[in-house]
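A closer look at the structure
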Amino acid sequence: MELDSVKLVYFSPTRTTKQVLEGIAQGLAASNVTSVDLTLPEADPAETVVLDADLVVIGAPVYGGRIPPTAMQRLRSVRGQDTPAILVAVYGNRAFEDALLELSDWAQAVGFVPVAGGAFIGEHSYNTSSTPIAPGRPDAADLARAADFGSAVRQRLKGVTTSAELVPVSLPGNRPYRKLHKPGPRAPVTHADLCTLCGRCAEVCPTGAITVDDAVVTVAEDCILCCACVKVCPTDARVMEHERVLQTADWLSTEHGLRKEPEVYYG
């Protein structure tokens, strides 16, 4: 099977998943690589989209051991046609638990054949200088590992001539999946004395929870705690101050600070 066309499909509020998928694409070395970015509200297709490509790489972050519901909702509009797929979960150095399995179950149900899977590490949404949680990841070593992964998948598919020969990869995880815990409304806040009303926070919010006019207004009920707004703010006006979130960040930094490495799986 020749990989002339590859599509990257991702939900990536802080761009860590996007970086990993682009690293994998480097190793796949396809002549035509295109992207389907499902991160922002306007990217949520109203109709089903059948992806026409030799291989699709599908990635999302991990929140609490699962694929975020917002990501799953966006992905539900995507379909394959016995299309081989690489599945990628990017987690913040704690654990990816059932995320890859959840992604695989969805993919097989909508026409993809997962031929490989990878769990990579990305800087945690709660990472700060005082609570470092996988800062700067994926780093150069992670992206080199992603490229090697892509190259290995390419080599494995060379001997495949039809989709009937594809063997779905077995991925770790449990059914039923880890229960999703929906916290009460909580969101980053804006320090008005530092804010320039540039609007970058609203531009990157994956749920459209932020509006900027004479002030920054956040609908906390719509916030998914991705902290994209915090990471993109040029004046550090956007910060997370919710006590429970800060406690969790401290726990993650203390108990899960030891560097973890990517894990990859093949069919």
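Structure's up top.
Residues numbered from 1 in each chain as written. Predicted model: local features only at pLDDT ≥ 70, side-chain atom pairs only at ≥ 80, totals over all residues. Heavy atoms only, no water.

1. Quick look at the pairing of strand S7 (residues 112-121)
Burial of S7 is extensive: 10 of the 10 residues sit out of reach of the surface. Where strand S6 (residues 83-91) meets S7, nine bridges bridge the pair, whose relative direction is parallel. Bridged to Leu87 within S7 is Gly117. Once the chain exits S6 it traverses helix H3 (residues 99-109) before rejoining the sheet at S7, and the crossover so formed is right-handed. (Buried < 20%, exposed > 50% of the residue type's maximum accessible area, 1.4 Å probe, protein only. Helix = DSSP H or I, 4+ residues; strand = E, 2+ residues; numbered from the N terminus. Pairing = 2+ DSSP bridges. Right-handed = clockwise from strand over helix to strand, strands pointing away.)

2. Considering the packing of helix H1 (residues 16-28) against helix H4 (residues 140-157)
Contact geometry for H1 and H4: axes closest at 6 Å, N-to-C directions at 45 degrees. Classified by the interaxial angle, the pair formed by H1 and H4 is oblique. When you trace H1 past H4, the crossing you get is right-handed. For the pair formed by H1 and H4, the contact residues are Gln19, Val20, Gly23, Ile24, Gln26, Gly27 and Leu28 on the first element and Leu143, Ala146, Ala147, Phe149, Gly150, Ser151, Val153 and Arg154 on the second. Residue composition of the contact of H1 with H4, grouped by class: eight nonpolar, six polar and one charged. (Axes fitted to C-alpha atoms, helices over the stretch in contact; angles between N-to-C directions. Parallel < 35°, antiparallel > 145°, perpendicular 65-115°, else oblique. Left-handed = near helix turned anticlockwise from the far one by under 90°. Contact = heavy atoms within 4.5 Å. Nonpolar A, V, L, I, M, F, W, Y, C, P; charged D, E, K, R; others polar.)

3. Considerations on H1
Compared with an ideal rise of 1.5 Å per residue, which puts 13 residues at 18 Å, H1 spans 19 Å between its outermost C-alpha atoms and is within 8% of the ideal. For H1, the complete set of buried residues consists of Thr16, Thr17, Val20, Leu21, Gly23, Ile24, Ala25, Gly27 and Leu28. Buried residues along H1 sit against strand S1 (5-10), strand S2 (32-37), strand S4 (55-61), S6, S7 and H4. Looking at the residues trailing H1, positive phi occurs at Ala29, about 55 degrees. (Expected span 1.5 Å × (residues − 1).)

4. A word on H4
Compared with the 26 Å implied by 1.5 Å per residue over 18 residues, the 26 Å span of H4 between its first and last C-alpha is a close match. Buried within H4 we find Asp142, Ala146, Phe149, Gly150, Val153, Arg154 and Leu157. One side of H4 holds all its buried residues, which, seen down the axis, span an arc of 135 degrees. Where the residues of H4 are buried, they touch H1, S4, S6, S7 and strand S12 (263-266). Structurally, the start of H4 carries an N-cap: the backbone nitrogen of Ala141 is 3.2 Å from a side-chain oxygen of Asp139. (Arc of directions from axis to C-beta. Polar contact = N/O pair within 3.5 Å; in protein donor to acceptor, adjacent residues only side chain to side chain.)

5. Structural notes on the side chain of Thr83
Its location among the elements puts Thr83 in strand S6. A residue is classified by how much of its surface remains accessible, and Thr83, at 5% relative accessible area, is buried. Once you skip the residues sitting within four places of it in the chain, Thr83 turns out to touch Leu51, Ala53, Val56, Gly111, Phe112 and Val113.

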